[in-house]
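Analysis of the macromolecular model
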Amino acid sequence: MKDTSKENNYNLQFPSDLDYIPAMRQFIAEVARSEGYSTKFCFRTEIIVDELCTNAILHGSKGRNGCVILEAYFNNDIMKLCVKDGGGKKVNIENLKRAVYNSKPTADDTRGRGMDIVQMLADELKIDLDENGNTQVNIVKKRNMDDDEPILKPAENQNEGTEI
Amino acid sequence: MKISREISSVDEKIVLCQLEGDLDISGCNELDAELSSILEAGKFFVMAIMEKVTDISSPFIGKLIECRQQLINKGGNLVIVGLPPDLKKGMLLMGIDKIFSFYNDAHLAYNRFHWDYVETAHPLKLTFPPKLECVPAVRLLISGIAKQKGYSAKDSFRIETIADEIANNAIEHGDATQTEIGLEFYIDRNRIELSIKNKTHLDKADNLKYIINSNKRSSVDEKTFGRGLAMVKLISNSINVAVDNTGTYVKVTKTKEKD
C-alpha cells in the first residue's frame, strides 16, 4: 500500500454544468486511489460525487456564471468531501434536508433517490450554509479495512521449478 | 392548449415559449402565429418550456420540427425544456432526440446556448498537494473535460500530455516548502488555456525561461532532463512563463484542431 501518512487537501471550482460531472467523479476516485484507498471505496466515492454534484447543479448554482465548489480531504483513515453551491436559500436547504431525512420516493417516482444513496454509502452526512451563504453538503467516509484488496502472495512452490 | 411567450431575463436573445395542456393539431396555427411574431422581433433562439404539457400529438411535433427548421435557417435554434418524463419517453422512442435537444430545466439549456453560440470560456480552478501521485488524476481530469466538451481524442491526448508535463515540473522543480499547486483551466469551443502556479527558487525560474525561450535543454540536467517543455512547446500553440515574488506561473494555450 502507498504511504498515505500525510493529510492532503484538494479544492476544485467548476462551472455549474452537467458536462463536468464525469470528469469530477473520475478525478476524486483517482485521487482516492492515489491516497491508497480500495477499488470499492473509490467506486462508492464516485457515486457520492456524482450525486452531490448533480444536485448542486440542478438545484443550486443556476446563474449564468454559477459554479460548484468541491473540496476533498484525505488522511490515512477518512475521506471528507464538501460540495458547495450558490443555491443558499432557506427553501433550498429545507428541500434538501427533506430529501435526506424525510421523504421516501415511491416505486413509481423516477427521481429523488440520490441523497438516499449518498446517505447509505457515506458514514456521515451534514447539510448547512457556509459563511458566504452557499449551501454545503459535507460527507465523511471512513476507510473500511475489510474493503482493502488482499495483497496477492505467490502460491506455495509456485515459483519453483518442476522437479525432473 | 395555451401558448405564452416572454423574453428571457437571463439573455435577451432567447425567447421563452411556455406551452400548456394538450398539444394537438388545433394548436398548430397558434404556434405558427407565435413563431412569426418571434421572427419579426428578430429573435432566433427559442426555448419551448413544456413542464405543463399533458399530451403531444404527432401533427404538433411535425409543426415544432418545421418551426425549428425556420429558426435554424436564420442561425438560431429551438430546444425543448422540462418535458414530463412519460411524454419524453414517447418522443425518445420516436427518435425525436435526433432532431431536438431536450433539457430538464432552463438552466441546463442556457448552459448549452452559451457554450454553442456565445462562446464564453468556462473556468475551472484546482489546488492539489505537491505530490507526483496526484498528477495522473489531474491529467485525467483535464483530458476528460476536453473530451466531454467535444475535443477530439487527439486534442484531448495532447492536452493531457501538456497537463502531465507542466504539473510534474511544478512539483519536481518547485520549492520543497510549497504546500499546494494551483491550476487554472479555461475551455471554450475552440481553445484551451492551462495555467499552473507554484513556488520556485528564482534561479530555477531563470533556467525554465532559458529552456522555453532558447529551445535548448537545461544546462544543469542536460543528459537526463529537459525534453518535457520542448514537447509541450511542440504540441501547444503558445507557452508563457512569468515569475514574481509569489511564484512561477506557466501558461499554455492549445487551440482545437480541425477534424
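On a plain count of helices and strands, chain B comes out with eight helices and ten strands. A globule of 259 residues ought to have a C-alpha radius of gyration of about 18 Å, yet chain B, at 25 Å, is considerably larger. The principal-axis extent of the C-alpha atoms belonging to chain B is close to 80 × 35 × 35 Å. Across the 259 residues of chain B, 34% fall into the buried class.

Turning to the pairing of strand β9 (residues 238-244) of chain B, a few remarks are in order. Residue and element names in this part refer to chain B. Two elements, β9 and strand β10 (residues 247-255), share seven bridges in a ladder whose sense is antiparallel. Considered in β10, the bridge of D244 is made with G247. Counted along the chain from β9 to the antiparallel partner β10, the turn is two residues long.

This paragraph deals with the packing of helix α1 (residues 21-34) of chain A against helix α5 (residues 135-148) of chain B. Closest axis-to-axis distance for the α1 of chain A/α5 of chain B pair is 9 Å, and the angle between their directions is 165°. Here α1 of chain A is positioned roughly antiparallel relative to α5 of chain B, judged by the angle of their axes. The crossing of α1 of chain A and α5 of chain B is right-handed. Taking contact as the criterion, the partners of P22, A23, Q26, F27, E30, V31 and S34 of chain A in α1 of chain A are, on α5 of chain B, P136, A137, L140, L141, G144, I145 and Q148 of chain B. Here the contact of α1 of chain A with α5 of chain B is composed, by residue class, of nine nonpolar, four polar and one charged.

So, about the confidence of the model for chain B. Of the residues in chain B, 90% have a pLDDT of 70 or more, and the chain-wide mean is 88. Our summary of model confidence lists the complex with pTM equal to 0.80 and ipTM equal to 0.79.

Moving on, we come to the environment of Q13 of chain A. Mapping Q13 of chain A onto the fold places it in strand β1 (residues 8-15). Sequence-distant contacts of Q13 of chain A, that is, excluding residues within four places in its chain, are made with C67 and I69 of chain A together with L124 and K125 of chain B.

Time to look at the domain arrangement of chain B. Segmenting chain B into domains produces domain 1 (2-118) and domain 2 (122-255). Taken over C-alpha atoms, the centre of domain 1 of chain B sits 43 Å from the centre of domain 2 of chain B.

Turning our eyes to something else, we now look at the pairing of strand β2 (residues 14-23) of chain B. Residue and element names in this part refer to chain B. Note: strand β1 (residues 2-7) against β2, six bridges, orientation antiparallel. Bridging across to β2, I7 finds its partner in V15. Turn length for the β1-β2 hairpin, with the two strands adjacent in sequence and antiparallel, is six residues. Across nine bridges, the pairing between β2 and strand β3 (residues 45-56) is parallel. When the sheet's bridge partners are listed, Q18 is paired in β3 with I49. Handedness of the crossover joining β2 and β3 through helix α1 (residues 28-40) is recorded here as right-handed.

With that settled, the discussion passes to the nonpolar core. Membership of the largest hydrophobic core comes to 67 residues, with the highest contact counts inside it found for M24, C53 and V68 of chain A together with V138, I142, I166 and A167 of chain B. With near-sequence residues (within four places) excluded, I142 of chain B lies in contact with I159, E160, A163, F185 and L194 of chain B.

What follows deals with the interface of chain B and chain A. One widely used convention gives an interface's size as the accessible area the parts lose upon coming together. At the junction of the two partners, chain B supplies 27 residues and chain A supplies 24 residues. Within the residue set of the side of chain B that touches chain A, elements represented by two or more residues are α4 (106-118), β6 (122-128) and α5 of chain B. Pairing geometry for β1 of chain A and β6 of chain B, over three bridges, is antiparallel. Directly across from L12 of chain A, in β6 of chain B, lies its bridge partner L126 of chain B.

Glancing now at the sheet that holds β1 of chain B. Across a sheet, strands are paired by hydrogen bonds formed along the backbone, either parallel or antiparallel in direction. Residue and element names in this part refer to chain B. Here five strands make up an open sheet; going across it, the order is β1-β2-β3-β4-β5 and the pairing mixed. The open sheet has two edge strands with one neighbour each: β1 and β5 (102-103). Its contacts with the sheet put α1 on β1, β2 and β3, and the angle it makes with β1 is roughly 10°.

Once that is clear, we can look at the environment of N104 of chain B. Mapped onto the secondary structure, N104 of chain B falls in the loop between β5 and α4. The sequence separation of N104 of chain B and I49 of chain B amounts to 55 residues, and the corresponding C-alpha distance is 9.8 Å. With residues up to four places along the chain from it excluded, the contact list for N104 of chain B reads L58 of chain A together with G82 of chain B.

Okay, the sheet that holds β1 of chain A next. With antiparallel pairing, the ten strands of this open sheet are ordered in space as β4(A)-β5(A)-β3(A)-β2(A)-β1(A)-β6(B)-β7(B)-β8(B)-β10(B)-β9(B). The outermost strands of the open sheet, each flanked by one partner alone, are β4 (124-129) of chain A together with β9 of chain B. The mean angle between the axes of side-by-side strands here comes to 10°, regardless of whether they run parallel or antiparallel. As judged from the eight bridges shared by strand β8 (residues 191-198) of chain B and β10 of chain B, these two strands associate in the antiparallel manner. Directly across from L194 of chain B, in β10 of chain B, lies its bridge partner V252 of chain B. Lying on the sheet, α5 of chain B is in contact with β6, β7 (181-187) and β8 of chain B; it crosses β7 of chain B at an angle near 10°. Across the face of the sheet, helix α6 (residues 153-172) of chain B comes into contact with β7, β8 and β10 of chain B while running at roughly 10° to β8 of chain B.

Conventions we followed
Residues numbered from 1 in each chain as written. Chains lettered and ligands numbered in written order. Predicted model: local features only at pLDDT ≥ 70, side-chain atom pairs only at ≥ 80, totals over all residues. Helix = DSSP H or I, 4+ residues; strand = E, 2+ residues; numbered from the N terminus. Rg over C-alpha atoms; globule rule 2.2 N^0.38 Å. Buried ≥ 20, exposed ≤ 12 C-beta atoms within 10 Å, placed from the backbone. Pairing = 2+ DSSP bridges. Axes fitted to C-alpha atoms, helices over the stretch in contact; angles between N-to-C directions. Parallel < 35°, antiparallel > 145°, perpendicular 65-115°, else oblique. Left-handed = near helix turned anticlockwise from the far one by under 90°. Contact = placed C-beta atoms within 7 Å. Nonpolar A, V, L, I, M, F, W, Y, C, P; charged D, E, K, R; others polar. pLDDT = per-residue confidence, 0-100. Domains from an automatic or database assignment. Right-handed = clockwise from strand over helix to strand, strands pointing away. Core = buried A, V, L, I, M, F, W, Y, C linked by C-beta atoms within 7 Å.

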